[in-house]
Amino acid sequence: VTEVRDDGKGVLRECLLYIQKHLQRKDVNGFFAAPVNDTIAPGYSNIIKEPMDFSTMLLKIENDTYDSIMDYKTDYVLMCNNAMTYNRPETIYYKEAKRLLQSGMKMLSKEKLLSMRRSLG
Ligand SMILES: COc1ccc(C(=O)NC2CCC2)cc1-c1cc(C(C)=O)n2cccnc12
């Protein structure tokens, strides 16, 4: 049996792709699928200094930019917080961001990650 020598980044990439697939499924309208631009959101680039969206996070996963799941979680929280900063609480974007944040924190909870790490061996 040839032992699969992994540089470690491969395992992390697989985990992150799995996590992103499940988290992005919650974004049914695709509001977080691509960068927000000033045309659909007036003044967005003046208010949000560090934009983030799922397509950018996917690129970072594929380029092995993240060095841990917690590193990925930082971008995920940033994406949700941006939406809760720019949009008023009564908007669909704020409400979706709040929902994404809650479901994401369950998936990215310490317990969950520990059990995932244990199952990966
Ligand atoms: C990639 O971002 C988007 C893509 C598509 C849509 C969209 O289909 N909007 C229609 C639903 C009512 C208009 C909205 C957004 C969108 C996301 C956001 C976020 C995430 O703040 N946003 C804020 C204000 C206005 N539009 C948006």
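Residues numbered from 1 in each chain as written. Predicted model: local features only at pLDDT ≥ 70, side-chain atom pairs only at ≥ 80, totals over all residues. Heavy atoms only, no water.

**Quick word on the overall build of the protein**
Step number 1: When helices and strands are tallied, the protein shows 6 helices and 0 strands.
Step number 2: For the protein, the sequential pattern of α-helices and β-strands runs α-α-α-α-α-α.
Step number 3: Scored against the burial criterion, the 121 residues of the protein give a buried share of 34%.
Step number 4: At a minimum sequence separation of 6, the contacts of the protein that also span at least 24 residues come to 66%. (Helix = DSSP H or I, 4+ residues; strand = E, 2+ residues; numbered from the N terminus. Buried < 20%, exposed > 50% of the residue type's maximum accessible area, 1.4 Å probe, protein only. Contact = heavy atoms within 4.5 Å.)

**Focus: the packing of helix H1 (residues 9-25) against helix H6 (residues 110-120)**
Step number 1: In contact at an axis separation of 12 Å, H1 and H6 are set at 135° when each is read in the N-to-C sense. Looking at the two axes, H1 sits oblique to H6. H1 and H6 meet at a crossing whose hand is right-handed. Along its contact with H1, which presents Val11, Cys15 and Ile19, the element H6 presents Leu113, Met116 and Leu120.
Step number 2: Classifying every residue of the contact of H1 with H6 gives 6 nonpolar, no polar and no charged. (Axes fitted to C-alpha atoms, helices over the stretch in contact; angles between N-to-C directions. Parallel < 35°, antiparallel > 145°, perpendicular 65-115°, else oblique. Left-handed = near helix turned anticlockwise from the far one by under 90°. Nonpolar A, V, L, I, M, F, W, Y, C, P; charged D, E, K, R; others polar.)

**What about the site of the ligand?**
Step number 1: The immediate surroundings of the ligand are formed by Phe31, Phe32, Ala34, Val36, Ile40, Ala41, Asn87 and Tyr93.
Step number 2: In this structure, Asn87 approaches the ligand through a side-chain N or O atom, which is 2.9 Å from an oxygen atom.
Step number 3: Within the side chain of Tyr93, one N or O atom sits 3.2 Å away from a nitrogen atom of the ligand.
Step number 4: Protein chains shield 66% of the accessible area of the ligand, which is 580 Å² for the free molecule.
Step number 5: For the shell around the ligand, the residue count by class is 7 nonpolar, 1 polar and no charged. (Near = heavy atom within 4 Å. Polar contact = N/O pair within 3.5 Å; in protein donor to acceptor, adjacent residues only side chain to side chain. Areas by Shrake-Rupley, 256 points an atom, 1.4 Å probe, with all protein chains shown as cover.)

**Some thoughts on the environment of Asn37**
Step number 1: Within the element layout of this structure, Asn37 appears in the loop between H1 and helix H2 (44-47).
Step number 2: Sequence spacing of Asn37 and Pro51 is 14 residues, and the spatial spacing of their C-alpha atoms is 9.7 Å.
Step number 3: Only 3.0 Å separates the side chain of Asn37 from the backbone nitrogen of Ile40, close enough to count as a polar contact.

**Quick word on the side chain of Gln20**
Step number 1: Within the secondary structure, Gln20 is located in helix H1.
Step number 2: Here Gln20 falls in the buried class, since its relative accessible area comes to 4%.
Step number 3: Excluding residues within four positions of it along the chain, Gln20 makes contact with Phe54, Met57, Leu58, Ile61 and Tyr72.

**Quick look at helix H4 (residues 69-86)**
Step number 1: Under the 1.5 Å per step criterion, the end-to-end length of H4 is 26 Å for 18 residues, consistent within 8% with the ideal 26 Å.
Step number 2: Taken together, the buried positions of H4 are occupied by Ile69, Tyr72, Lys73, Asp75, Tyr76, Leu78, Met79, Cys80, Asn82, Ala83 and Tyr86.
Step number 3: As for H4, its buried residues are in contact with H1, H2, helix H3 (54-62), helix H5 (92-107) and H6.
Step number 4: A distance of 3.4 Å separates the backbone nitrogen of Met70 from a side-chain oxygen at the start of H4, and that oxygen is part of Ser68. (Expected span 1.5 Å × (residues − 1).)

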